Amino acid sequence: MAERKLLVLFGSQTGTAQDAAERIGREAKRRHFQCRVEALDSYDVANLINELLVVFVCATTGQGDPPDNMKMFWRFLFRKNLPPGSLCQLDYAVLGLGDSSYPKFNFVAKKLHKRVLQLGGNPLLPVALGDDQHDLGPDAVVDPWLLALWDKILALYPLPPGLEIISPDTRLPPKYSLHYLAEDSPHPDGGLLQPTAPRAVPSELHPFPARMVSNQRVTAESHFQDVRLIEFDVTGSGMTFSAGDVVMIQPQNCPEDVQQFCQLLRLDPDRRFVLKPTEPGTSLPPLLPQPCTIRHLVTHYLDISCVPRRSFFELLSYFSTNELEREKLQEFSSAQGQEELYSYCNRPRRTTLEALWDFPHTTCAIPPEYLLDLIPRIRPRAFSIASSMLAHPDRIQILVAVVRYKTRLSKPRRGLCSAWLASLSPEQGDVQVPLWVKKGGMKFPADPDTPVIMIGPGTGVAPFRAAIQERVAQGRGGNCLFFGCRQKSKDFYYQAEWEELVTKGFLTLFTAFSRDQEEKVYVQHRIRENHRLVWELLSSGNAHIYLAG
């Protein structure tokens with residue numbers, strides 16, 4: 001009898017594709033498959049020729065780009081020298097997650113499906129095109145597609161004699177078992193700081209603990225939005241970057257939320273534990289020290305401020321001892337309850353922590369070893385670098401709008417990363433922020449004579465400050481900037497800097513202050529007013545145009 005092994009590979013940017021991949025993994029376990037769920041770039045793609053059954057789950061980002069954690073796989077798969085029949089033994093299916101309001105809807109999934117077919121793969125089903133724009137979200141497509149997929153797979157790999165599909169009423173074991181250490185067990189030296197790899201270039205797995213040098217508000221106190229110019233010292237990190245690159249920052253939860261979470265779940269924040277995988281072949285979560293305290297786990301790893309997904313309510317329902325709460329949780333995790341769940345969670349942007357408040361009987365019954373299955377990890381946030389190494393060696397500056405807005409919930413919503421960064425005060429001692437640098441999507445012209453037209457309203461001006469600093473340091477002119485904001489006196493970022501460069505002849509600047517007069521004026525009005533100059537730069541100067549919002 002054929003070995004019943006399934007591989008689920010995902011490419012995920014925001015976590016939706018990973019969530020779907022893990023759902024397929026759970027459904028596979030219920031059907032007694034040996035199943036591995038892995039990010040595409042963690043998988044050794046050379047092994048693909050030996051696989052018999054693979055489900056690919058992939059998102060599309062930006063303008064039809066593959067997510068970061070499948071870029072290497074993508075490059076390999078499209079190599080010209082791969083023989084046409086190399087995947088002829090592979091049965092596969094592709095689940096795409098996208099948004100039909102973008103022109104390249106589910107581009108990555110469609111292209112992947114086609115490429116595996118070219119290489120001889122045998123598709124079990126047409127590619128599934130999940131759509132964020134649908135009233136019920138991507139699940140409107142995913143649910144029926146998965147039912148059809150399991151029919152196909154079970155026809156090829158029937159259940160072994162005497163085994164039934166594990167009922168949805170039965171809870172699956174957790175990914176890790178959690179073992180508390182005795183209160184008096186010796187602490188490892190150096191507490192919970194992880195050893196960084198010697199001189200490794202900083203990355204997601206080895207972030208650089210950068211010292212925050214300054215954190216200054218650059219909007220007027222009377223302005224509705226708090227925007228910060230933040231500077232980090234990256235001396236000794238070995239990081240290099242150019243204009244258009246981004247810095248990735250790993251945020252953490254605020255102490256009040258951590259305390260509330262521990263109280264709700266009746267956890268002692270200072271208890272230390274070690275994790276052990278429940279199945280061979282499962283790796284431990286990267287970035288979590290072993291042993292670890294509950295406080296460290298909740299502060300640095302569990303994303304208790306994210307809006308919970310359907311899978312959260314599904315797993316939560318298994319722990320419920322209260323009938324009313326269990327019924328509600330089961331409704332939220334059913335296909336029929338998705339509109340209700342959207343109104344409860346997504347529309348008001350309710351957080352995981354707030355959802356746990358609403359199910360108190362269930363919450364205090366959550367076994368701690370299930371926390372890593374229940375709550376996703378905190379994802380890093382990307383910020384445009386707003387400074388050039390040529391102007392500020394060993395420094396990285398960013399321009400951060402602190403995210404804060406109202407929904408129908410009484411407490412204002414806050415951006416996890418921006419609120420955390422804004423709360424840090426370098427005057428009160430050493431403040432360290434874990435970060436690393438990533439190539440950005442914007443490349444500035446190598447030819448020094450090519451003029452550059454930059455359109456950067458609001459904090460969108462950040463990458464252009466890096467570009468202008470870099471170009472000025474190289475002695476390049478031909479810098480034209482259209483900047484827009486609400487009021488000259490309140491949110492005109494880098495005003496003094498721009499004015500100095502204009503005086504020195506390095507910059508042509510056009511500003512639009514939308515609320516400083518009766519009729520609103522935006523950057524597009526300034527572009528239209530200066531159409532002759534713009535056309536001149538484009539037609540005879542061969543200018544490049546950049547736009548950042």
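Residues numbered from 1 in each chain as written. Predicted model: local features only at pLDDT ≥ 70, side-chain atom pairs only at ≥ 80, totals over all residues. Heavy atoms only, no water.

Naming follows an unreviewed UniProt entry, where the protein chain appears as NDOR1 oxidoreductase of Psophia crepitans. The record in UniProt for the protein chain states the following under Subunit (unreviewed entry): "Interacts with CIAPIN1; as part of the cytosolic iron-sulfur (Fe-S) protein assembly (CIA) machinery. Interacts with DCPS." Per UniProt, the comment on the protein chain under Catalytic activity (unreviewed entry) is "2 oxidized [2Fe-2S]-[protein] + NADPH = 2 reduced [2Fe-2S]-[protein] + NADP(+) + H(+)". (UniProt positions renumbered as here; feature names shortened; annotations may be inferred.)

1. Notes on the domain arrangement of the protein chain
When cut into domains, the protein chain gives domain 1 (5–156), domain 2 (257–374) and domain 3 (452–547). Spacing between the C-alpha centres of domain 1 and domain 2 amounts to 27 Å. Summed over both partners, the interface of domain 1 with domain 2 comes to about 840 Å²; 37% of that surface belongs to carbon and sulfur atoms. Our count for the contact surface shared by domain 1 and domain 2 stands at 2 salt bridges. The partner of Asp-143 in a salt bridge is Arg-310, and the shortest N-O contact between them spans 3.1 Å. Across the domain 1-domain 2 interface, the total number found is 6 residue pairs in polar contact (both at pLDDT 80 or more). Those elements giving two or more residues to the side of domain 1 that touches domain 2 turn out to be helix H1 (16–30) and helix H4 (139–156). (Domains from an automatic or database assignment. Buried area = accessible area lost by both parts, 1.4 Å probe. Salt bridge = Lys/Arg side-chain N within 4 Å of Asp/Glu carboxyl O. Polar contact = N/O pair within 3.5 Å; in protein donor to acceptor, adjacent residues only side chain to side chain. Helix = DSSP H or I, 4+ residues; strand = E, 2+ residues; numbered from the N terminus.)

2. Quick look at the environment of Arg-30
On the secondary structure map, Arg-30 appears in helix H1. Once you skip the residues sitting within four places of it in the chain, Arg-30 turns out to touch Glu-164, Ile-165, Ile-166, Ser-167, Pro-168, Thr-170, Leu-172 and Tyr-318. (Contact = heavy atoms within 4.5 Å.)

3. Here's the deal with a nonpolar patch on the surface
Where nonpolar side chains cluster on the molecular surface, the patch consists of Trp-535, Leu-538 and Ile-545 and spans about 310 Å² of accessible area. By the secondary structure assignment, Leu-538 is in helix H17 (residues 531–539). We classify Leu-538 as partly exposed; its relative accessible area is 30%. (Patch = residues over 30% accessible without salt bridge, like charges linked within 9 Å, V, L, I, M, F, W, Y side chains within 5 Å. Areas by Shrake-Rupley, 256 points an atom, 1.4 Å probe, with all protein chains shown as cover. Buried < 20%, exposed > 50% of the residue type's maximum accessible area, 1.4 Å probe, protein only.)

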